[in-house]
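Architecture at a glance
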Amino acid sequence: QVQLVESGGGLVQAGGSLRLSCAASGRTFSRHNMGWFRQAPGQKREFVATISRSGRSTVYTDSVKGRFTISRDNAKNTVYLQMNSLKPEDTAVYYCAASPRFGVPGADPAEYDYWGQGTQVTVSS
(Lines give C-alpha, C1' and ligand atoms only; values in the text may rest on other atoms or scores of the structure.)
Protein backbone atom coordinates (compact mmCIF):
# COMPACT_ATOMS: atom_id res chain seq x y z
CA GLN A 1 0.00 0.00 0.00
CA VAL A 2 1.30 3.45 -0.93
CA GLN A 3 -0.22 6.68 0.28
CA LEU A 4 0.49 9.83 -1.70
CA VAL A 5 0.15 13.47 -0.66
CA GLU A 6 0.62 16.30 -3.16
CA SER A 7 1.57 19.86 -2.32
CA GLY A 8 2.81 22.99 -4.03
CA GLY A 9 -0.19 24.03 -6.06
CA GLY A 10 -1.50 27.57 -6.15
CA LEU A 11 -2.32 30.61 -8.24
CA VAL A 12 0.33 31.93 -10.62
CA GLN A 13 0.40 34.32 -13.57
CA ALA A 14 1.03 33.08 -17.06
CA GLY A 15 4.75 32.65 -17.63
CA GLY A 16 5.38 31.85 -14.00
CA SER A 17 6.59 28.68 -12.31
CA LEU A 18 5.44 26.24 -9.68
CA ARG A 19 6.99 23.12 -8.20
CA LEU A 20 4.69 20.33 -7.17
CA SER A 21 5.77 17.69 -4.67
CA CYS A 22 4.28 14.31 -3.92
CA ALA A 23 5.34 12.57 -0.72
CA ALA A 24 4.84 8.84 -0.49
CA SER A 25 4.47 6.70 2.59
CA GLY A 26 5.94 3.25 3.03
CA ARG A 27 9.20 1.56 2.15
CA THR A 28 8.33 0.60 -1.43
CA PHE A 29 8.49 3.99 -3.14
CA SER A 30 11.58 3.04 -5.13
CA ARG A 31 9.73 0.00 -6.53
CA HIS A 32 7.10 2.16 -8.23
CA ASN A 33 7.05 4.12 -11.43
CA MET A 34 5.57 7.51 -10.62
CA GLY A 35 3.33 9.69 -12.74
CA TRP A 36 1.66 13.09 -12.77
CA PHE A 37 -1.79 13.55 -14.25
CA ARG A 38 -4.16 16.50 -14.38
CA GLN A 39 -7.85 17.10 -14.72
CA ALA A 40 -9.47 20.36 -15.75
CA PRO A 41 -13.16 21.07 -15.04
CA GLY A 42 -15.37 19.08 -17.38
CA GLN A 43 -12.40 17.24 -18.86
CA LYS A 44 -11.03 13.72 -18.57
CA ARG A 45 -7.97 13.09 -16.45
CA GLU A 46 -4.95 13.37 -18.72
CA PHE A 47 -1.36 12.22 -18.52
CA VAL A 48 1.33 14.81 -17.88
CA ALA A 49 4.59 12.99 -17.13
CA THR A 50 6.02 9.81 -15.71
CA ILE A 51 9.35 8.63 -14.32
CA SER A 52 10.83 5.18 -13.86
CA ARG A 53 11.89 3.63 -10.57
CA SER A 54 15.48 4.71 -10.95
CA GLY A 55 14.65 8.08 -12.40
CA ARG A 56 16.60 7.36 -15.57
CA SER A 57 13.57 7.20 -17.85
CA THR A 58 10.99 9.95 -18.24
CA VAL A 59 8.05 10.50 -20.58
CA TYR A 60 6.08 13.70 -21.15
CA THR A 61 2.93 14.61 -22.95
CA ASP A 62 3.69 16.83 -25.93
CA SER A 63 2.02 19.94 -24.53
CA VAL A 64 4.44 20.18 -21.58
CA LYS A 65 7.71 19.10 -23.21
CA GLY A 66 10.41 21.68 -22.64
CA ARG A 67 8.41 23.39 -19.89
CA PHE A 68 7.83 20.70 -17.22
CA THR A 69 10.39 18.43 -15.58
CA ILE A 70 9.60 15.35 -13.51
CA SER A 71 12.15 14.10 -11.01
CA ARG A 72 12.30 11.92 -7.92
CA ASP A 73 14.32 11.51 -4.76
CA ASN A 74 14.04 7.92 -3.58
CA ALA A 75 15.82 8.73 -0.32
CA LYS A 76 13.04 11.20 0.48
CA ASN A 77 10.18 9.14 -1.00
CA THR A 78 9.21 12.15 -3.08
CA VAL A 79 8.47 12.88 -6.72
CA TYR A 80 8.48 16.41 -8.11
CA LEU A 81 7.01 18.26 -11.06
CA GLN A 82 8.79 21.50 -11.90
CA MET A 83 6.48 23.59 -14.09
CA ASN A 84 7.90 26.59 -15.95
CA SER A 85 6.41 28.95 -18.52
CA LEU A 86 2.95 28.13 -17.27
CA LYS A 87 -0.03 28.81 -19.50
CA PRO A 88 -3.72 29.29 -18.64
CA GLU A 89 -4.44 25.93 -20.29
CA ASP A 90 -2.29 24.26 -17.62
CA THR A 91 -4.98 25.10 -15.08
CA ALA A 92 -6.19 21.86 -13.50
CA VAL A 93 -6.10 19.67 -10.45
CA TYR A 94 -2.79 17.80 -10.54
CA TYR A 95 -2.55 14.26 -9.20
CA CYS A 96 0.44 12.06 -8.58
CA ALA A 97 0.14 8.32 -8.97
CA ALA A 98 2.21 5.20 -8.35
CA SER A 99 2.48 2.12 -10.53
CA PRO A 100 4.01 -1.15 -9.28
CA ARG A 101 4.22 -2.58 -12.79
CA PHE A 102 7.54 -3.45 -14.34
CA GLY A 103 8.83 -1.93 -17.53
CA VAL A 104 8.84 1.51 -19.03
CA PRO A 105 6.35 3.77 -17.25
CA GLY A 106 3.26 4.49 -19.30
CA ALA A 107 0.66 7.17 -19.80
CA ASP A 108 -2.44 5.03 -19.14
CA PRO A 109 -4.07 5.89 -15.81
CA ALA A 110 -5.13 2.25 -15.51
CA GLU A 111 -1.49 1.30 -14.93
CA TYR A 112 -1.42 3.29 -11.70
CA ASP A 113 -2.80 1.68 -8.57
CA TYR A 114 -2.33 4.48 -6.06
CA TRP A 115 -3.40 8.12 -6.31
CA GLY A 116 -3.06 11.25 -4.26
CA GLN A 117 -5.90 13.64 -3.44
CA GLY A 118 -4.76 16.28 -5.92
CA THR A 119 -3.53 19.84 -5.73
CA GLN A 120 -5.07 22.79 -7.61
CA VAL A 121 -2.96 24.74 -10.08
CA THR A 122 -4.50 27.92 -11.48
CA VAL A 123 -2.73 30.00 -14.12
CA SER A 124 -4.14 33.46 -14.77
CA SER A 125 -3.74 35.25 -18.07
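Just so it is clear, the structure is predicted and the values come from calculations on it, not from any experiment. (Residues numbered from 1 in each chain as written. Predicted model: local features only at pLDDT ≥ 70, side-chain atom pairs only at ≥ 80, totals over all residues. Heavy atoms only, no water.)

Turning our eyes to something else, we now look at the packing of aromatic side chains. Evaluated as defined, the whole model comprises four aromatic pairs. A ring pair is formed by Phe37 and Tyr112, whose centres lie 5.2 Å apart and whose planes are at 75 degrees; its orientation type is edge-to-face. Taken together, the positions of Phe37 in strand β4 (residues 33-39) and Tyr112 in the loop between β9 (92-99) and β10 (114-115) put the pair 75 residues apart, joining distant regions of the chain. Relative accessible area serves as the criterion here: at 0%, Phe37 is assigned to the buried category. (Phe/Tyr/Trp six-rings, centres within 6.5 Å; stacked < 30°, edge-to-face > 60°. Helix = DSSP H or I, 4+ residues; strand = E, 2+ residues; numbered from the N terminus. Buried < 20%, exposed > 50% of the residue type's maximum accessible area, 1.4 Å probe, protein only.)

So, on to the state of the cysteines. For the structure shown, the criterion picks out one disulfide. In this model, Cys22 is linked to Cys96 through a disulfide, with the two sulfur atoms separated by 1.9 Å. Here the disulfide of Cys22 and Cys96 is right-handed, its torsion about the S-S bond being about 45 degrees. Highlighted residues: Cys22 in strand β3 (residues 18-24) and Cys96 in strand β9, separated in sequence by 74 residues. With respect to class, Cys22 is no different from Cys96; both count as buried. (Disulfide = S-S within 2.5 Å.)

Distances and angles like these do not, on their own, reveal function.
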